[in-house]
Amino acid sequence: MASSVKKKNGTGNGQPKLKFNTGWEYAPAPESSSHIKINSRYDLFIGGKFVKPSSGKYFDTINPATEAKLSEVAESNTADVDKAVKAARQAYDKYWKKMPARERGKYIFRISRMIQERARELAIIETMNGGKAIRESRDIDVPLAANHFFYYAGWADKLQFALPNKTPKPLGVAAQIIPWNFPLLMAAWKIAPALAAGNTVVLKPAETTPLTALKLAEIIQESGLPEGVVNIITGFGNTGADLVYHNDVDKIAFTGSTEVGKIIQKAVAGTRKKLTLELGGKAANIIFDDAPLDQAVEGIVNGIFFNQGHVCCAGSRLFVQESVYNKVLRKLKDRIETLIVGDPLDKNTDVGAINSKAQLEIINRYIALGKEEGAEIYQSGCSVPKKGFFCRPTLFTNVSQSHRIAQEEIFGPVLTIQTFRTDEEVIEKANNSPYGLSAGVWTDKGSKIFNLTTKLKAGVIWANTYNKFDPTSPFGGYKESGFGREGGLHGLTSYLAS
Ligand code: ADP
């Protein structure tokens, strides 16, 4: 693609900064949003109806790529949370636990088909509200969300096979709290297995990305699911806390920061509530010298840049075997220079908007910290829109294990790069993290893959690929990345008592 490469600003580590002069650019190819209907205001979805919050309060939800207000959504207070939990309890006792399992399954199938029918609309709203590139929401988030409902719908009347020789029973009312990085997909991960296992639900989306969850509420209402089986309430951290502390909740499923996960774990200790936590990560992506380097570089880019690094399993720590370090670094720099950062609705965009101003500030603080710690920075030379929250793909070299940028979750398009010589060395370095959610291994040798996958302390390990998801595969972490699994049979059993 590049017709010429010219040198620009040395980076100080002997590596010239590259600027691709392609002589041409992609024409804009924005996905149209003119047909998308977003209400000016959304109420709470409780007991099958949209009801006004007793707080009387609403808060704005914006498009992080333009900073324009999209809508305002209700802010739940303690009374609203109580109302939602009561609706879920009533639905559980009145309909859901008595309904034949195959009937439950039909509703879940119907929801998945309706998500498919409205896939384009959901993808556009996901991108407008969350900032991720339309390519991601269209090709990954929304199809996977539909697939999760399909997959778990099939389990609803087969629970006895999920737990052989046991009598699986639902837990009751599940409180589910989700983050902003995969708003619809996380809602699907949570709601689908809970319903299939016979539980009712109160779901709280993140404060910055409530819109696709509210669209899902519309779908659920249209599907004819008995009222109160799924309730969706919007609000901030205190709404989540009210849910966690509510006495009539049987199960809490939380995905979010390790910090909040710890608070929730303490709050739940000593109660009957079951808990699963999917928390932060600092995944190691490991390239051996026998790996197919071009594919590996593409996998690295996919693992940290395509989703603005807004993925808890983002491959944010790269370890490269010393003998191919220079080659990989050169390829990586070349590749990030070709990434298009900008309008997330544009089909050519690789790296969309950072989800919020607050998150951009966190990322920028880490970038400044990396420089203070003495690491070498390399950022792609692309321009970014003036309005909205954007961050250029960023690499850090000369990084040591003790650097905070190599230890702490940044949740942005920032990659630290380190080298290693032997398998033992890289296993030790990769495991030297408080987190243990995921990892990636790139090598031509199956034996090396087996060696590493048994020794790396991570819940999910991809080999010669990265960030691949499937509803049948369990996902979850070790150490401070949480416990419990979502997806697959394991995800189902998290919602069953036996
Ligand atoms: P992030 O840092 O990724 O925004 P958080 O852990 O702060 O992650 O948020 C994830 C979800 O948890 C959001 O829906 C948020 O509103 C909710 N939340 C925040 N604080 C609490 C809390 N103390 N108890 C329960 N839920 C909370």
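For the structure itself, consult the block above.
## Some details on the overall build of the protein
Step number 1: Per the secondary structure count, the protein includes 16 helices and 24 strands.
Step number 2: Relative to a compact globule of 498 residues, whose C-alpha radius of gyration would be 23 Å, the protein shows 23 Å and is just as compact.
Step number 3: Along the three orthogonal principal directions, the C-alpha set of the protein runs to about 70 × 50 × 35 Å.
Step number 4: Looking at the protein residue by residue over its 498 residues, the buried ones come to 60%.
Step number 5: Across the protein, the fraction of contacts at a sequence separation of at least 24, relative to all contacts at a separation of at least 6, is 74%.
Step number 6: For the protein, the accessible surface area stands at approximately 19,300 Å², while carbon and sulfur atoms represent 51% of it.
Step number 7: Separation of charge centres in the protein, based on 63 positive and 51 negative side chains, amounts to 2 Å.

## Comments concerning the sheet that holds strand β18 (residues 414-420)
Step number 1: On the basis of which strands lie adjacent, the open sheet formed by seven strands has the order β16-β17-β18-β15-β14-β20-β21 and mixed pairing. With one partner strand each, in any of the chains shown, β16 (376-379) and β21 (460-463) form the two edges of the open sheet. The sheet shows a mean angle of 20 degrees between the axes of neighbouring strands, direction not considered.
Step number 2: Summarising the sheet, strand β20 (residues 438-442) and β21 pair through four bridges and their orientation is parallel. If you follow Ala439 over to β21, its bridge partner there is Ile461.
Step number 3: Against the sheet, helix α10 (residues 293-304) touches β14 (284-287), β15 (317-321), β18 and β20, its axis set at about 170 degrees to β14.

## Some remarks on the sheet that holds strand β3 (residues 41-42)
Step number 1: In space, the three strands of this open sheet follow the order β3-β7-β6, with mixed pairing throughout. Of all the strands in the sheet, the pair left with one neighbour each is β3 and β6 (58-62).
Step number 2: Two elements, β3 and strand β7 (residues 69-74), share two bridges in a ladder whose sense is parallel. By the bridge assignment, Arg41 is partnered in β7 with Glu72.

## Digging into the pattern of salt bridges
Side-chain pairing between opposite charges can occur once the charged atoms of the two side chains come close.
Step number 1: Evaluated as defined, the whole model comprises 30 salt bridges.
Step number 2: Salt-bridge contacts for Asp43 lead to Lys52; the nearest nitrogen and oxygen are separated by 3.4 Å.
Step number 3: In this structure Asp43 comes out as buried when scored by relative accessible area, which is 14%.
Step number 4: Judged by relative accessible area, which is 56%, Lys52 ranks as exposed.
Step number 5: Note that Glu222 is salt-bridged to Arg118, the shortest N-O span being 3.5 Å.

## Some thoughts on the side chain of Thr212
Step number 1: Within the element layout of this structure, Thr212 appears in helix α7 (residues 211-223).
Step number 2: Of note is the side chain of Thr212, whose polar atom sits 2.7 Å from the side chain of Glu126.
Step number 3: In this structure Thr212 touches Leu122, Ile125, Glu126, Pro183 and Leu184, once residues within four positions along its chain are discounted.

## Description of the environment of Cys382
Step number 1: On the secondary structure map, Cys382 appears in the loop between β16 and β17 (394-397).
Step number 2: C-alpha separation for the pair Cys382 and Cys312, spaced 70 residues apart in sequence, amounts to 25 Å.

So, how was this worked out
- Residues numbered from 1 in each chain as written.
- Predicted model: local features only at pLDDT ≥ 70, side-chain atom pairs only at ≥ 80, totals over all residues.
- Heavy atoms only, no water.
- Helix = DSSP H or I, 4+ residues; strand = E, 2+ residues; numbered from the N terminus.
- Rg over C-alpha atoms; globule rule 2.2 N^0.38 Å.
- Buried < 20%, exposed > 50% of the residue type's maximum accessible area, 1.4 Å probe, protein only.
- Contact = heavy atoms within 4.5 Å.
- Areas by Shrake-Rupley, 256 points an atom, 1.4 Å probe, with all protein chains shown as cover.
- Lys, Arg positive; Asp, Glu negative; His and termini not counted.
- Charge placed at Lys NZ, Arg CZ, Asp CG, Glu CD.
- Pairing = 2+ DSSP bridges.
- Axes fitted to C-alpha atoms, helices over the stretch in contact; angles between N-to-C directions.
- Salt bridge = Lys/Arg side-chain N within 4 Å of Asp/Glu carboxyl O.
- Polar contact = N/O pair within 3.5 Å; in protein donor to acceptor, adjacent residues only side chain to side chain.

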